[in-house]
Amino acid sequence: MTVTLARTPPAPTGAVPAPATLRPLPPVALRWVLRAAFALPYVVLALVAARGTPTLSLGLTGNQVTFDRATAALDGGVVQAIGQLWPLLSGVLLRFMPFGVQGAAVLGGIVAGVLLQLLAQDMLRRGLRMREVVAFTIALGANPLYAFLALDDLQAFLGIALFALAVVDMVRFFAWGDTQAGFRAGLALMLSTLIDPMGFVYVGIAALAAPLLDLARHDQRGIRRANVLVLVFPSLAVALSTAVLDLMVLHDPFAALRGTIHVSEQRLGALRHLFATADGLLLVAMLVAGATLALLVRRPGAIALVAALFVGTMGGYAIGLVPVATAGNVFVTMLSVAIAILPPVEGRVTSTLVVVLAVLQVPLAWAAASERQVVVEWMHAVTAVVLR
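Cut-offs applied
Residues numbered from 1 in each chain as written. Predicted model: local features only at pLDDT ≥ 70, side-chain atom pairs only at ≥ 80, totals over all residues. Heavy atoms only, no water. Helix = DSSP H or I, 4+ residues; strand = E, 2+ residues; numbered from the N terminus. Rg over C-alpha atoms; globule rule 2.2 N^0.38 Å. Buried < 20%, exposed > 50% of the residue type's maximum accessible area, 1.4 Å probe, protein only. Areas by Shrake-Rupley, 256 points an atom, 1.4 Å probe, with all protein chains shown as cover. Lys, Arg positive; Asp, Glu negative; His and termini not counted. Charge placed at Lys NZ, Arg CZ, Asp CG, Glu CD. UniProt positions renumbered as here; feature names shortened; annotations may be inferred. Expected span 1.5 Å × (residues − 1). Contact = heavy atoms within 4.5 Å. Salt bridge = Lys/Arg side-chain N within 4 Å of Asp/Glu carboxyl O. Patch = residues over 30% accessible without salt bridge, like charges linked within 9 Å, V, L, I, M, F, W, Y side chains within 5 Å. Core = buried A, V, L, I, M, F, W, Y, C linked by side-chain atoms within 4.5 Å. pLDDT = per-residue confidence, 0-100. Phe/Tyr/Trp six-rings, centres within 6.5 Å; stacked < 30°, edge-to-face > 60°. Axes fitted to C-alpha atoms, helices over the stretch in contact; angles between N-to-C directions. Parallel < 35°, antiparallel > 145°, perpendicular 65-115°, else oblique. Nonpolar A, V, L, I, M, F, W, Y, C, P; charged D, E, K, R; others polar.

K.L.:
Would you explain the overall build of the protein in this entry?
P.N.:
Along the protein, the regular secondary structure elements total 18 helices and 0 strands. Whereas a compact globule of 388 residues would reach a radius of gyration of roughly 21 Å, the protein reaches 21 Å, a difference of no more than 12%. Principal-axis analysis of the C-alpha atoms places the extent of the protein at approximately 80 × 55 × 50 Å. Out of the 388 residues in the protein, the part that is buried amounts to 51%. Accessible surface computed for the protein: about 18,100 Å², of which carbon and sulfur atoms make up 71%. Considering the protein, the positive charge centre built from 25 side chains and the negative charge centre built from 18 side chains are found 10 Å apart.

Here it is in structure tokens:
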């Protein structure tokens, strides 16, 4: 008589295991009501901020820089725009947006509300407790860094939102075997490359994160490489198409990159100074908080993903992919992705610790905002309009 022992599956590392059943979605009308309710405060804030007194720092925020660059590139003709306007989609969007930078701020407020609802909805469907969903939704949405980034740097915020939603679908694709989610993730990453200069950094992080995710079909040879190809192929196709277009028109396949990537001593000096101040310590605290959350939910492999996001964002700033007058990129990216991969928490004590860690992100973000001059000036301008 032969006894066959069941093979113990490997311990999960950075992915959410497939639930037995997904919670049903609420009616479509209710979902849109929730999105409108989440978006309303940000839209009102955008309208108030539009009446504020501009400052030198506020004139260098992402929306204004993208608008000025797109205007100069498109007014110089199509050929010039091909070499100077990268990523193309965000530049065209800002250039022809009704009411210009103010219109972009309103659109960013709408996207901010939609992203909050989508992330909260996904947490509920995965089986997280309501208190955990509320805590993380507040942690992400109830701080000035999230609002500032959404209203003042539309292209960066759209890129982060698309990356976070791509991670949600990437987990479903790898860990649950949902092929449709894999295609959605690939398309979301592709759109991020057309909108945000950091898009290809996000694609690289997504590809590097693939070994951390559990596989629903781990017994199939080559399945992980095939899954990664599904994720990155649309973005690689966009990169190749752009290079061919630049080669045909400007005789330089890297013309778009040369016009965007630049390393300056000023940026490197700012990074060195950053980590010698309280602002840098707060950024490191966010990194530690992300690693602690990964350990609490028993997903140690996610620490590598959190670290890659941190290093990728800092590197993006160093080579000119992130505007000088920006804030909140690290916080919003890391917390959004943490929410996207957060599994159902087991045990009351662990759940309480996770909720406490989520709530602590709010004062941490406010403290970080108080250390950034551009955010402080933005908050002062908004307060001055309200108190008039």
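K.L.:
Please clarify how the UniProt feature "transmembrane region" (unreviewed entry) in the protein should be interpreted in this entry.
P.N.:
Feature annotation in UniProt assigns "transmembrane region" (unreviewed entry) to the following positions: residues 32-50, 96-120, 132-151, 157-175, 228-250, 271-296, 302-320 and 351-369. Within residues 132-151, the helical portion is 90% and the strand portion 0%, while the C-alpha atoms at the span's ends are 26 Å from each other. The span residues 302-320 is 89% helix and 0% strand, and its two end C-alpha atoms sit 27 Å from each other.

K.L.:
What am I meant to see in helix H17 (residues 348-370) here?
P.N.:
Owing to its 3.6 residues per turn, the α-helix aligns residues three or four sequence positions apart on the same side. Helix length check: H17, at 23 residues, gives a terminal C-alpha distance of 34 Å against a target of 33 Å (1.5 Å per residue), a fit within 8%. For H17, the complete set of buried residues consists of Ser-351, Val-354, Val-355, Leu-357, Ala-358, Gln-361, Val-362, Leu-364, Ala-365, Ala-368 and Ala-369. Residues of H17 that are buried sit in contact with helix H6 (130-141), helix H7 (144-152), helix H14 (278-296), helix H16 (329-341) and helix H18 (373-386).

K.L.:
Explain the pattern of salt bridges here, please?
P.N.:
Think of it this way: side chains of opposite charge can pair up when their charged atoms draw near. Taken as a whole, this structure holds 7 salt bridges when the rule is applied. The residue Arg-126 makes a salt bridge to Asp-122 at a minimum N-O spacing of 2.1 Å. Of this pair, Arg-126 and Asp-122 both sit in helix H5 (residues 100-126), 4 residues apart, which is roughly one turn of the helix. With respect to burial, Arg-126 and Asp-122 carry one shared label: buried.

K.L.:
Honestly, a nonpolar patch on the surface in this entry has me stumped. Any pointers?
P.N.:
Together, Leu-30, Val-33 and Leu-34 make up an exposed nonpolar region whose accessible area comes to about 240 Å². Here Leu-34 shows up in helix H1 (residues 28-49).

K.L.:
Hey, could you run me through the nonpolar core in this one?
P.N.:
Phe-136, Leu-145, Tyr-146, Phe-157 and Phe-163 are the most contacted members of the largest nonpolar core, which has 107 residues in total. It is helix H8 (residues 154-176) that provides the largest number of residues to this core, a total of 17 residues. Other than its neighbours up to four places away in sequence, Phe-163 contacts Leu-189, Tyr-202, Ile-205, Ala-206, Leu-309, Thr-333 and Val-337.

K.L.:
Can you walk me through the confidence of the model for the protein in this structure?
P.N.:
Detailed conclusions should not be drawn from predicted coordinates in areas where pLDDT is low. The predicted model of the protein has a mean per-residue pLDDT of 86, with 90% of residues at 70 or higher. Every residue in residues 1-15 scores below 50 in pLDDT, and together they form 21 contacts with partners more than four places removed in sequence or on other chains.

K.L.:
Even after reading the chapter, I still don't get the packing of aromatic side chains, so can you show me in this structure?
P.N.:
Aromatic ring pairs: the centre-centre distance and the angle between the two ring planes describe each pair. For the structure shown, the criterion picks out 6 aromatic pairs. Where Tyr-146 meets Phe-157, the ring centres are 5.3 Å apart and the plane angle is 75°; that geometry is what we call edge-to-face. Of this pair, Tyr-146 sits in helix H7 while Phe-157 sits in helix H8, and the two are 11 residues apart along the sequence. In terms of burial, Tyr-146 and Phe-157 fall into one category: buried.

K.L.:
Just to check I follow, could you spell out the packing of H5 against H7 for this structure?
P.N.:
Angle between the axes and distance between the axes: these two values describe a pair of packed helices. For the pair H5 and H7, interaxial distance at closest approach is 7 Å and the crossing angle is 130°. When the axis of H5 is compared with that of H7, the two are oblique. Contact residues: Ala-105, Gly-108, Gly-109, Ala-112, Leu-115 and Leu-116 in H5; Tyr-146, Ala-150 and Leu-151 in H7. Partitioning the contact of H5 with H7 into residue classes produces 7 nonpolar, 2 polar and no charged.

K.L.:
Just to check I follow, could you spell out the environment of Ala-49 for this structure?
P.N.:
Here Ala-49 shows up in helix H1. For Ala-49, a relative accessible area of 24% puts it in the partly exposed group. In this structure the C-alpha to C-alpha distance between Ala-49 and Trp-378, which are 329 residues apart in sequence, comes to 7.7 Å.

K.L.:
Teacher, can you tell me more about the environment of Leu-283 here?
P.N.:
Considering the arrangement of structural elements, one finds Leu-283 in helix H14. Here Leu-283 falls in the buried class, since its relative accessible area comes to 11%. Distance in space between the C-alpha atoms of Leu-283 and Ala-365 is 9.3 Å, their sequence separation being 82 residues.

K.L.:
I tried to follow unusual backbone geometry on my own but got confused; where do I start?
P.N.:
One can expect most non-glycine residues to show negative phi and most peptide bonds to be in trans. Even without a glycine there, the phi angle at Phe-99 is positive, about 70°. With respect to the helices and strands, Phe-99 occurs in the loop between helix H4 (88-95) and H5. A residue is classified by how much of its surface remains accessible, and Phe-99, at 72% relative accessible area, is exposed. A positive phi angle is found at His-251, which is not glycine, with a value near 60°.

K.L.:
What exactly am I supposed to notice about the packing of helix H2 (residues 62-75) against H4 here?
P.N.:
It is at 8 Å that the axes of H2 and H4 come closest, and there the two elements cross at 90°. With respect to H4, the axis of H2 lies roughly perpendicular. Touching Asn-63, Thr-66, Phe-67, Ala-70, Thr-71, Leu-74 and Asp-75 of H2 are Ser-90, Gly-91, Leu-94 and Arg-95, all from H4. Each residue belonging to the contact of H2 with H4 can be placed in one class, and the counts come to 4 nonpolar, 5 polar and 2 charged.

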